[in-house]
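Structural description and commentary
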Amino acid sequence: AKRDGRNQWCFFDPQVRRRLEYRNHLKAVLLHALDNDRFDITLQPYCCVRTGAHRGFEVLARLDHDGVPVPPDSFIPLAEELGLMSRIGRILRAKAFEAHGRMIEMGLRPRELAINVAAQEFREPAFVETLQALLREHHISPGDLVIEITETALIGRSTDTVAKALHRLQRTGVQVALDDFGTGFSSLSHLKDFSVNKIKIDKSFIGDLEDDEGDRALVDGLIMLAGRLGLSVVAEGVETVAQMKYLGVAGCHYLQGFALSPPLSLEAAVRFLDPRHEP
Ligand code: C2E
Ligand code: CA
Ligand code: CA
Ligand code: CA
């Protein structure tokens with residue numbers, strides 16, 4: 001670091017310093033969590049708009065540090081930057097498949113298992129083989145596995161690696177969903193270049209659906225486009241009955257959000273599927 005010069009003020013800018021301190025703190029938290037098996041999962045259901053039937057669970061990462069939840073939106077980008085995401089992803093997937101397999105063993109029908117995968121994780125040498133082994137081990141049918149990827153995972157250095165891994169998985173029946181759809185700047189070209197089965201409309205388009213004519217136009221357009229391309233559409237972040245109704249009329253296929261259920265622990269997911277179930 002420069003001791004004098006025009007950039008010096010940066011080091012004393014309290015905001016910059018706080019950010020650096022938080023980053024270092026978060027890095028220590030991540031390393032500690034890896035060493036002490038502190039990563040956990042929650043399961044958020046999604047359902048069919050038309051029938052209300054349960055369709056699957058999305059796995060969402062959770063990390064508690066001394067009783068304080070650390071949001072995935074802050075620890076996952078840093079884990080990627082530090083090259084830790086493959087290790088963390090492996091831990092999360094083991095727990096997710098285990099939970100899904102347990103529900104099947106209980107005679108329940110958890111249906112689809114949707115997992116978020118960061119670009120970095122595709123670079124793991126045996127990524128596809130590991131997933132296939134997990135599917136077999138827990139008696140989950142490949143058609144019930146959904147890989148959720150964001151657009152940022154599809155661009156940049158690893159595009160080719162990601163595309164190849166996705167193709168290999170799709171050939172075995174695994175589904176691919178394009179996550180946070182609409183938030184990137186080249187969403188449409190990705191539909192052409194990558195074979196996806198689903199799109200997930202980002203919650204930023206759903207929140208103001210009742211008041212915002214622009215959001216309604218956008219959501220209608222995305223659903224129509226997906227229909228023409230033969231893709232199914234999941235709306236995420238659905239919080240109100242009015243939003244559910246609007247999305248149903250617009251032709252959206254699946255709903256996910258607090259209106260239906262927040263992310264759940266395994267025990268709560270079991271009760272969600274079967275309220276009579278005794279723990
Ligand atoms: P995402 O994949 O777009 O997930 C949706 C986020 O919206 C989740 O936040 C979920 O808890 C939240 N959510 C669900 N329903 C509602 C609702 O009705 N209203 C509102 N306001 N929010 C709702 P979460 O769990 O904090 O995760 C944030 C992001 O972190 C995820 O966004 C995903 O990009 C990433 N992430 C989470 N778990 C994993 C993981 O295991 N691996 C990877 N690579 N990324 C993950
Ligand atoms: Ca997701
Ligand atoms: Ca999203
Ligand atoms: Ca996201």
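Look a little higher up for the structure.
Report follows, based on the coordinates. Keep in mind the model is a prediction, meaning the values are calculated, not measured.

This brings us to the packing of helix α2 (residues 14-35) against helix α3 (residues 72-81). At a closest axis distance of 10 Å, the pairing of α2 and α3 adopts a crossing angle of 80 degrees. Here α2 lies roughly perpendicular to α3, going by the angle between them. Facing Tyr22, Arg23, Leu26, Lys27 and Leu30 of α2, the residues of α3 in contact are Ser74, Phe75, Leu78, Ala79 and Glu81. Among the residues forming the contact of α2 with α3, the class breakdown is six nonpolar, one polar and three charged.

Now for the coordination of the calcium ion (ligand 3). Those donors, Asp180 (OD), Asp202 (OD), Glu236 (OE) and Glu236 (OE), are the protein atoms that reach the calcium ion (ligand 3), and they lie 2.0 to 3.0 Å from it. In primary-sequence terms, the residues that donate to the calcium ion (ligand 3) follow D-x21-D-x33-E. Here the calcium ion (ligand 3) and the calcium ion (ligand 2) are spaced 5.8 Å apart. With Asp202 in the loop between β7 (198-201) and α10 (213-228) and Glu236 in the loop between β8 (232-235) and α11 (241-250), this residue pair connects regions lying 34 residues apart in the sequence.

A complete count under the given rule lists 15 salt bridges for this structure. In this structure, the salt-bridge partner of Arg168 is Glu129, at a minimum N-O distance of 2.5 Å. On the criterion of sequence distance, the pair formed by Arg168 in helix α8 (residues 159-171) and Glu129 in helix α6 (residues 127-137) is long-range, its members being 39 residues apart. With its nearest N and O atoms 3.2 Å apart, the salt bridge here joins Arg276 to Asp274.

Here we come to the environment of Pro263. Mapped onto the secondary structure, Pro263 falls in the loop between β9 (254-256) and α12 (266-273). Classification of Pro263 by relative accessible area gives partly exposed; the value is 24%. In the structure, Pro263 is positioned 219 residues away from Gln44 in sequence and 4.0 Å away in space, judged by C-alpha atoms. What Pro263 contacts, discounting residues up to four positions off in sequence, is Thr42, Leu43, Gln44, Leu60, Arg62 and Phe258.

This paragraph deals with the packing of α6 against α8. At a minimum axis separation of 10 Å, α6 and α8 run at an interaxial angle of 30 degrees. By the angle between their axes, α6 is roughly parallel relative to α8. Between α6 and α8 the crossing geometry is right-handed. Packed against α6, whose contacting residues are Phe127, Val128, Glu129 and Leu131, the element α8 presents Ala165, Arg168 and Leu169 at the interface. Grouping the constituent residues of the contact of α6 with α8 by class yields five nonpolar, no polar and two charged.

Moving on to the coordination of the calcium ion (ligand 2). For the calcium ion (ligand 2), the full set of protein donor atoms is Glu58 (OE), Asn116 (OD1), Glu148 (OE) and Asp179 (OD), and the range of their distances to it is 2.2 to 2.4 Å. Written as a sequence motif, the donor arrangement for the calcium ion (ligand 2) is E-x57-N-x31-E-x30-D. On the basis of relative accessibility, which here comes to 3%, the residue Glu148 falls in the buried class.

Our next topic: the pairing of strand β2 (residues 54-65). One ladder, built from nine bridges, connects strand β1 (residues 39-48) with β2; its direction is antiparallel. In the sheet register, Tyr46 faces β2, and the bridge partner there is Gly56. The antiparallel hairpin formed by β1 and β2 contains five residues in its connecting segment, where Gly52 sits at a positive phi of about 80 degrees. Bridging between β2 and strand β4 (residues 112-116) involves four bridges; their strand directions are parallel. Each bridged residue has a counterpart across the sheet, and for Gly56 the counterpart in β4 is Glu112.

A few words on the packing of aromatic side chains. On inspection of all chains with the given rule, the structure shows three aromatic pairs. On the basis of an interplanar angle of 50 degrees and a centroid distance of 5.8 Å, the ring pair of Phe39 and Phe75 is categorised as tilted. Pair noted here: Phe39 is in strand β1 and Phe75 is in helix α3, with a separation of 36 residues, a long-range link. Phe75 carries the same exposure label as Phe39, and that label is buried. Ring plane angle 65 degrees and centroid distance 6.3 Å describe the contact between Phe57 and Phe272, whose orientation is recorded as edge-to-face. With a gap of 215 residues between them, Phe57 in strand β2 and Phe272 in helix α12 connect regions that are remote in the sequence. Residue Phe57 is classed as buried on the basis of its relative accessible area, which comes to 0%. Of note, Lys198 hangs over the ring of Tyr254, and the distance from its end group to the ring centre comes to 5.4 Å. Geometry around Tyr46 places Lys200 over its ring, the cationic atom sitting 5.9 Å from the centre.

Residues separated by three or four positions in an α-helix point in the same direction, a consequence of the helix having 3.6 residues per turn. All of the buried residues in α12 are Leu266, Ala268, Ala269 and Val270. In this fold, the buried residues of α12 make contact with β1, β2 and α4 (85-105).

Conventions used here
Residues numbered from 1 in each chain as written. Chains lettered and ligands numbered in written order. Predicted model: local features only at pLDDT ≥ 70, side-chain atom pairs only at ≥ 80, totals over all residues. Heavy atoms only, no water. Axes fitted to C-alpha atoms, helices over the stretch in contact; angles between N-to-C directions. Helix = DSSP H or I, 4+ residues; strand = E, 2+ residues; numbered from the N terminus. Parallel < 35°, antiparallel > 145°, perpendicular 65-115°, else oblique. Contact = heavy atoms within 4.5 Å. Nonpolar A, V, L, I, M, F, W, Y, C, P; charged D, E, K, R; others polar. Donors = N, O, S within 2.8 Å, 3.2 Å for Na, K, Ca; no water. Salt bridge = Lys/Arg side-chain N within 4 Å of Asp/Glu carboxyl O. Buried < 20%, exposed > 50% of the residue type's maximum accessible area, 1.4 Å probe, protein only. Left-handed = near helix turned anticlockwise from the far one by under 90°. Pairing = 2+ DSSP bridges. Phe/Tyr/Trp six-rings, centres within 6.5 Å; stacked < 30°, edge-to-face > 60°. Lys NZ or Arg CZ within 6 Å of the ring centre and 35° of its normal.

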